[in-house]
Amino acid sequence: MLGFFAGTVVLLLVLQRLPGVGGLFRGFFGFWLAAILFSVLAERIASALSARRRFTRAATDLGHVESAYNQGKLGSLLLAGGKSKAAVDPLRRACAGEPESAEWAYRLGLALLATERADEALESLERALTLNSEHAYGEVHLALARAHLALRRDADALATLARYEREHGPNPESAYHRGLAFRMAGNRTAAQAAFREVGELAARAARFQRKAQRAWVWKAWLARFS
């Protein structure tokens, strides 16, 4: 309680000095408002620290075992945690130990793509498709298209996206990348149509999907004017 009170007082003093809103944090109401803000802030920090500890503990436990499976899990965990560069080596070991696994090849491709090594990512993603063309519900095709775009291979990107959309149907992500590929190829009319399609597809998506697809809508809107 003493720590909470002290933290609230420090935050209150800071807030009182903010131009324009400092007046809101005067008197009892101001202290009460600062206490609420400090409580929310402290909860979020505690949650973030707890998640970081769980992540570190899981990564440490997986790293102690050199099996291909554990190395793959470690690499996948690092990749999901935004540590793409650190994910590459364990995923390479997983691919070497379990070369028949489309999952490890796919995850390695994503890690390499995130670290701007598109040429290496291309090789790994193509291997994942060879092992299982339907792995990750076709998401491998989308990653492969991104690799082609990074290497400025617009025709290959369009062919990959066409295959994905033929088998799984278009979605906001595939339409956005299709727009980038058309723009790269110099077909501005087709590019603009694809970027407009992103919003149309997002509007028709199931409600639970719309939040995740909002980013593609914004990216497509910005791309239309760039």
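Relevant structure appears above.
Think of each chain on its own: its residues are numbered from 1, step by step along the sequence as written. At least 70 in pLDDT is required for a residue's local features to be given in this predicted model, at least 80 for side-chain atom pairs to be given and counted, and no such filter applies to totals for whole chains, interfaces and linings, which use all residues. Side-chain figures throughout are based on the complete set of non-hydrogen atoms in the structure, without hydrogens or water.

Peer 1: What is the right way to read the overall build of the chain from this model?
Peer 2: Counting secondary structure elements, the chain contains 11 helices and 0 strands. By definition, any uninterrupted DSSP run of H or I lasting at least four residues is a helix, any uninterrupted run of E lasting at least two residues is a strand, and each is numbered from the N terminus. When the elements of the chain are put in sequence order from the N terminus, they spell out α-α-α-α-α-α-α-α-α-α-α. The reference for a compact globule is 2.2 Å times residues^0.38; the radius of gyration itself is calculated from the C-alpha atoms. Whereas a compact globule of 226 residues would reach a radius of gyration of roughly 17 Å, the chain reaches 23 Å, over 25% beyond that. Along the first, second and third principal axes, the C-alpha atoms of the chain reach 65 × 50 × 30 Å. Per-residue burial over the chain gives 39% buried out of 226 residues. Per-residue accessibility, obtained with a 1.4 Å probe over protein chains only, is compared with the maximum for each type, and a residue is labelled buried under 20%, exposed over 50%, and partly exposed between these values.

Peer 1: Explain the packing of helix α5 (residues 102-114) against helix α7 (residues 139-150) to me, please; I cannot follow it from the model alone.
Peer 2: The description of two helices packed together rests on the angle between their axes and the distance between the axes. Here α5 crosses α7 at 30°, and the two axes come no closer than 11 Å. Here α5 is positioned roughly parallel relative to α7, judged by the angle of their axes. Crossing handedness for the pair α5 and α7: left-handed. Across the interface between the two elements, Tyr106, Leu110 and Leu113 from α5 touch Glu139, Val140, Ala143, Arg146 and Ala147 from α7. Three classes are used: nonpolar for Ala, Val, Leu, Ile, Met, Phe, Trp, Tyr, Cys and Pro, charged for Asp, Glu, Lys and Arg, and polar for all others, with Gly counted as polar. Classifying every residue of the contact of α5 with α7 by side-chain character gives 6 nonpolar, no polar and 2 charged. Axis lines are fitted to C-alpha atoms, over the contacting stretch for helices. Their N-to-C directions set the angle, which ranges from 0 to 180 degrees. Should an angle fall under 35 degrees it is called roughly parallel, over 145 degrees roughly antiparallel, and 65 to 115 degrees roughly perpendicular, with every other angle called oblique. In a left-handed crossing the near helix is turned counterclockwise from the far helix by less than a right angle, and in a right-handed crossing that turn is clockwise. Residue contacts follow a heavy-atom distance rule, with two residues in contact if any of their heavy atoms lie within 4.5 Å.

Peer 1: I'm lost on the packing of helix α10 (residues 188-204) against helix α11 (residues 207-224) in this one. Help?
Peer 2: Across the interface, α10 lies against α11 with an axial gap of 9 Å and an inter-helix angle of 155°. In this view, α10 runs roughly antiparallel relative to α11, as classed from their interaxial angle. As for how α10 packs across α11, the hand of that crossing is left-handed. Counting all contacts with α10, which are made through Arg188, Gln192, Phe195, Arg196, Val198, Gly199, Ala202 and Ala203, the residues of α11 involved are Arg210, Gln213, Trp216, Val217, Ala220, Ala223 and Arg224.

Peer 1: Explanation requested: helix α9 (residues 172-184) in the structure shown.
Peer 2: Residue pairs spaced three or four apart in an α-helix point in one direction, given the helix's 3.6 residues per turn. Any helix carries an expected span of 1.5 Å times its number of residues minus one. Between its terminal C-alpha atoms α9 stretches 18 Å, which fits the 18 Å expected from 13 residues at 1.5 Å a residue. Counting buried positions along α9 gives 10 out of 13 residues, so the element sits mostly inside the fold. Buried within α9 we find Pro172, Glu173, Ser174, Ala175, Tyr176, His177, Arg178, Gly179, Leu180 and Ala181. The inward-facing, buried residues of α9 contact α7, α8 (154-168), α10 and α11. Polar contacts, as used here, are pairs of N or O atoms within 3.5 Å; protein pairs need one atom able to donate a hydrogen and one able to accept it. Residues neighboring in sequence count only if both atoms are side-chain atoms. Near the N-terminus of α9, the side chain that reaches the backbone nitrogen of glutamate 173, with its oxygen 3.1 Å away, is that of asparagine 171. Glycine 186 occupies a position one or two residues after α9 and carries a positive phi of about 90°.

Peer 1: Looking at this structure, I do not really get the pattern of salt bridges. What am I missing?
Peer 2: Once their charged atoms are close, side chains differing in charge can pair, the charge on each being opposite to the other. Whenever Lys or Arg places a side-chain nitrogen within 4 Å of a carboxyl oxygen from Asp or Glu, that contact is recorded as a salt bridge. Scanning the entire structure with this criterion turns up 6 salt bridges. Arginine 107 is paired through a salt bridge with glutamate 103; the nearest N and O atoms lie 2.7 Å apart. One end of the pair is arginine 107 and the other is glutamate 103, both in helix α5 and 4 residues apart, which spans about a single turn. Relative accessible area serves as the criterion here: at 27%, arginine 107 is assigned to the partly exposed category. Since its relative accessible area comes to 24%, glutamate 103 is described here as partly exposed.

Keep in mind that these numbers describe shape and distance, not what the molecule does.
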